[in-house]
Amino acid sequence: METIDQNEVDRFRAIASEWWNPTGKFRPLHDLNPARLEFMRDQIAAHFDRDARAAKPFTGISILDVGCGGGLISEPLARLGATVTGVDPGEENIVVAREHAQAQGLDIEYIVGTTDDLAAAGRTFDCVNALEVLEHVPDMTVFLKGCAALIAPGGLFITSTISRTLKSFALAIVAAEYVLNWVPRGTHEWSRFATPGELRSMMRTIGMEPLTERGMVYNPLKGIWSLSADCDVNYMASAKMPAH
């Protein structure tokens, strides 16, 4: 299955050294992280019946971070006690992720590869997440199917992406890429975005059961992102696999 777009992989490989610079090319992801982690923490805790307020609530839960990049999500999940594996097709990204995790004293398994590679190795995980990845793959359904194959029965899937609306074209492409210069021009293709309804349909097609969605909105006065009922632009979604 073709689950990656090599041009997209090369784009992120070229700026791999920027991953942990909070004011660099990946600043939007650093800014999004608190909202993304809030959604993930609540969804994982609820699904696996854990106390989200505990020091390490995810101890004993295995999580796969697909398209992990430099490890911006992998590291906080590991700090919450999860057994984390990060996979990314860009070797430069994995080198950065490994070095940063080691410097932080975090034990995270990082792999250069794809979901297909992990499936071929017979790997499965309690939770699989793919954040800001769906809009960069050539076939979203094929990619989701690859993720689903790696989720243990009764496990959880979490993703974040961008909805395909006129509002998202104005904000995620025109404003973010051409006006505010938040991300390099050409980072996103509007045609690759999917609405929450389309995503739910794809999930059901491959055997996932959609659970919930939350939007992520930016407050320019406070300079922060927060979870919202507005899924017109950035949003997160969760789904579960059947127990059997």
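Residues numbered from 1 in each chain as written. Predicted model: local features only at pLDDT ≥ 70, side-chain atom pairs only at ≥ 80, totals over all residues. Heavy atoms only, no water.

On to the pattern of salt bridges. Under the criterion given, the structure shown has 7 salt bridges. The closest approach of N and O atoms between aspartate 31 and arginine 27, which form a salt bridge, is 3.4 Å. Of the two residues, aspartate 31 and arginine 27 are both situated in helix 2 (residues 27-47); the distance of 4 residues between them amounts to about one turn of the helix. For arginine 27, a relative accessible area of 44% translates into the label partly exposed. A salt bridge links arginine 36 to glutamate 132; its shortest N-O distance comes to 2.4 Å. With arginine 36 in helix 2 and glutamate 132 in the loop between strand 4 (125-131) and helix 6 (140-148), this pair connects stretches of sequence that are 96 residues apart. Note on accessibility: arginine 36 and glutamate 132 belong to one class, buried. (Salt bridge = Lys/Arg side-chain N within 4 Å of Asp/Glu carboxyl O. Helix = DSSP H or I, 4+ residues; strand = E, 2+ residues; numbered from the N terminus. Buried < 20%, exposed > 50% of the residue type's maximum accessible area, 1.4 Å probe, protein only.)

On to the nonpolar core, then. Among the nonpolar cores identified, the biggest contains 36 residues, and Met40, Ile44, Leu77 and Ile158 are the most heavily contacted of them. Elements with a minimum of two residues in this core: helix 2, helix 3 (74-79), helix 4 (91-103), strand 4, strand 5 (151-162) and strand 7 (224-228). By residue number, the principal contributor to this core is helix 2, which donates 8 residues. Core analysis: the next-biggest nonpolar cluster, separate from the first, contains 30 residues, Leu118, Leu144, Leu150 and Ile206 among them. (Core = buried A, V, L, I, M, F, W, Y, C linked by side-chain atoms within 4.5 Å.)

Another point: the packing of aromatic side chains. In this description, a pair of aromatic rings is defined by centroid distance and the angle of the planes. Here the structure, examined in full by the defined rule, presents 2 aromatic pairs. Taking 3.7 Å as the distance between ring centres and 5° as the angle between the ring planes, the aromatic pair formed by tryptophan 19 and phenylalanine 26 counts as stacked. Tryptophan 19 gets classed as buried once you look at its relative accessible area, which sits at 6%. With a relative accessible area of 4%, phenylalanine 26 lands in the buried category. (Phe/Tyr/Trp six-rings, centres within 6.5 Å; stacked < 30°, edge-to-face > 60°.)

This next bit is on the confidence of the model for the protein chain. With 85% of its residues at a pLDDT of at least 70, the protein chain reaches an overall mean of 88. Mean pLDDT across the secondary structure elements of the protein chain bottoms out at helix 7 (residues 166-179), with 60, and peaks at strand 1 (residues 62-66), with 98. (pLDDT = per-residue confidence, 0-100.)

On to helix 6. Among all positions in helix 6, only Met140, Phe143, Leu144, Gly146, Cys147 and Ala148 are buried. Where helix 6 is buried, its residues contact strand 1, helix 5 (115-120), strand 4, strand 5 and helix 8 (196-205). Between the side-chain oxygen at the start of helix 6 and the backbone nitrogen of threonine 141 there is a gap of 3.1 Å, and the oxygen is on aspartate 139. (Contact = heavy atoms within 4.5 Å. Polar contact = N/O pair within 3.5 Å; in protein donor to acceptor, adjacent residues only side chain to side chain.)

Right, let's talk about the sheet that holds strand 1 for a bit. Strand order across the open sheet formed by 8 strands is 3-2-1-4-5-8-6-7, with mixed pairing between neighbours. In this open sheet, the two strands that pair with only one neighbour each are strand 3 (109-112) and strand 7. On average, each strand axis in the sheet is tilted by 20° relative to the strand beside it, whichever way the strands run. Two strands pair when backbone bridges link them, and strand 4 and strand 5 are joined in this way by 6 bridges, in the parallel orientation. What sits directly across from phenylalanine 125, in strand 5, is isoleucine 151. Contacts between helix 6 and the sheet are confined to strand 1, strand 4 and strand 5, with strand 5 contributing the most and set at about 145° to the helix. (Pairing = 2+ DSSP bridges. Axes fitted to C-alpha atoms, helices over the stretch in contact; angles between N-to-C directions.)

Here we come to the side chain of threonine 159. Within the secondary structure layout, threonine 159 lies in strand 5. Polar contacts involving the side chain of threonine 159 include one to the main-chain carbonyl oxygen of alanine 130, which spans 2.7 Å.

What follows covers the environment of cysteine 147. Topologically, cysteine 147 is positioned in helix 6. Relative accessible area serves as the criterion here: at 0%, cysteine 147 is assigned to the buried category. Apart from the residues within four sequence positions on either side, cysteine 147 is in contact with Val66, Thr115, Val128 and Phe157.

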